[in-house]
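Topology and contacts: notes
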Amino acid sequence: MAESSFDSDDRVYAEIIVVRHGETSWNAERKIQGHLDVELNDEGRQQAVRVAERLSKEAKISYVYSSDLKRAFETAQIIAAKCGKLEVLTDRDLRERHLGDMQGLVYQEASKLRPEAYKAFSSNRTDVDIPGGGESLDKLYDRCTSALQRIGDKHKGEIVVVVTHGGVIRSLHERARPTARKIEKILNTSVNVFRLYEGDKWTIQVWGDVSHLDQNGFLQSGFGGDRTSG
């Protein structure tokens, strides 16, 4: 990875490799997942193996954290097995955004089937909850950035993997680069390297790297994350 220095010594920061989970059948069908617990498909498992092989060669991983949803946890298990047979530590705060009544719907049909939820989901405001128990973008941001900060505070001087979801990764990007333009695509098993320093300084060393995948190894649409299924 061009910008990262995984082999540097005397780190005064936590280096956190944030990886989006592998593909699911719902990703391929453009169905909205949110908190619904969909497992990886065969393509997603192959993607997970590829990113695991890559990380096992590039970095000395100390710990692997994951969302407790199956698609992230299975991806994390594959990475952990390749990186020294590590245990996967789950954290519910790394879950995707709860998308309320949008969950389980095909994205293109959501506006007709759940118009109120779709209106909230499409709002430019960040404080709007989605009907059906869904979260606002502000709630997602507070939840997942706090989770990554806790991990960073605990692992200064170490390299840690965190496997999570598209909407979460968008929020983490916003935390590190608040003035940058909004991110449109978070590809399956993309690698994103954050450094968390003392205090509240976050930097991004690598963003959206899928060099471990060939052109047929990921969805070109990048379907998932805060605009879609995660």
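Residues numbered from 1 in each chain as written. Predicted model: local features only at pLDDT ≥ 70, side-chain atom pairs only at ≥ 80, totals over all residues. Heavy atoms only, no water.

Some words on the packing of helix α6 (residues 137-154) against helix α7 (residues 166-176)
Direction vectors running N to C along α6 and α7 enclose 75°, while the axes themselves pass 9 Å from each other. In terms of orientation, α6 and α7 fall into the roughly perpendicular class. Across the interface between the two elements, L140, Y141, C144, T145, L148 and Q149 of α6 pack against G167, V168, S171, L172, E174 and R175 of α7. Its residues assigned to classes, the contact of α6 with α7 comprises 6 nonpolar, 4 polar and 2 charged. (Axes fitted to C-alpha atoms, helices over the stretch in contact; angles between N-to-C directions. Helix = DSSP H or I, 4+ residues; strand = E, 2+ residues; numbered from the N terminus. Parallel < 35°, antiparallel > 145°, perpendicular 65-115°, else oblique. Contact = heavy atoms within 4.5 Å. Nonpolar A, V, L, I, M, F, W, Y, C, P; charged D, E, K, R; others polar.)

Considerations on the environment of G157
Mapped onto the elements, G157 comes out in the loop between α6 and β4 (159-164). Given the relative accessible area of 31%, G157 is considered partly exposed. Taking C-alpha positions, G157 is 10.0 Å from S62, a pair spaced 95 residues apart along the chain. (Buried < 20%, exposed > 50% of the residue type's maximum accessible area, 1.4 Å probe, protein only.)

Quick notes on the environment of W207
Relative to the helices and strands, W207 resides in strand β6 (residues 202-209). Judged by relative accessible area, W207 falls into the partly exposed class, the value being 25%. Measuring from C-alpha to C-alpha, the distance between W207 and I186 comes to 9.6 Å, with 21 residues separating the pair along the chain.

Concerning the UniProt feature "binding site: substrate" (unreviewed entry) in the chain
In this numbering, the UniProt entry assigns the feature "binding site: substrate" (unreviewed entry) to R20, H21, G22, E23, T24, S25, W26, N27 and R71. Among the secondary structure elements, N27 is positioned in helix α1 (residues 25-29). For N27, a relative accessible area of 1% gives the class buried. Positionally, R71 belongs in helix α3 (residues 70-82). Under the relative-accessibility criterion, R71 is labelled buried at 0%. Here G34 takes part through its backbone oxygen, which lies 2.7 Å from a polar atom of the side chain of R71. (UniProt positions renumbered as here; feature names shortened; annotations may be inferred. Polar contact = N/O pair within 3.5 Å; in protein donor to acceptor, adjacent residues only side chain to side chain.)

Remarks on the UniProt feature "active site" (unreviewed entry) in the chain
Under the local residue numbering, the UniProt record ascribes the feature "active site" (unreviewed entry) to H21 and E96. These annotated residues cover 76 residues of sequence, and their C-alpha atoms lie no more than 10.8 Å from one another, placing them together at a single site. Along the chain, the position of H21 falls in the loop between β1 (13-20) and α1. H21 gets classed as buried once you look at its relative accessible area, which sits at 0%. Looking at where E96 falls in the secondary structure, it is placed in the loop between β3 (88-90) and α4 (110-113). Using a relative accessible area of 0% as the deciding quantity, one classes E96 as buried.

What to know about the pairing of β4
Burial analysis of β4 places 6 of its 6 residues in the buried class, which makes it a mostly covered element. With burial as the criterion, each face of β4 is covered, one bearing I159, V161 and V163 and the other bearing V160, V162 and T164. Both β1 and β4 contribute to a ladder of 6 bridges, which runs parallel. Directly across from R20, in β4, lies its bridge partner T164. Sheet topology note: the strand β2 (residues 63-66)/β4 ladder contains 4 bridges and is parallel. Paired with Y63 across the bridge in β4 is V160. (Pairing = 2+ DSSP bridges.)

Let's talk about the sheet that holds strand β5 (residues 191-197)
Strands sit in the order β3-β2-β4-β1-β5-β6 across an open sheet of 6 strands; the sheet is mixed. For this open sheet the edge positions go to β3 and β6, each flanked by a neighbour on one side alone. Strand after strand, the sheet turns through a mean of 25° between neighbouring axes, direction not considered. Sitting on the sheet, α3 is in contact with β1, β2, β3 and β4, with an inclination near 170° to β2. Running over the sheet, α6 touches β1, β2, β4, β5 and β6 and is turned about 135° from β1.

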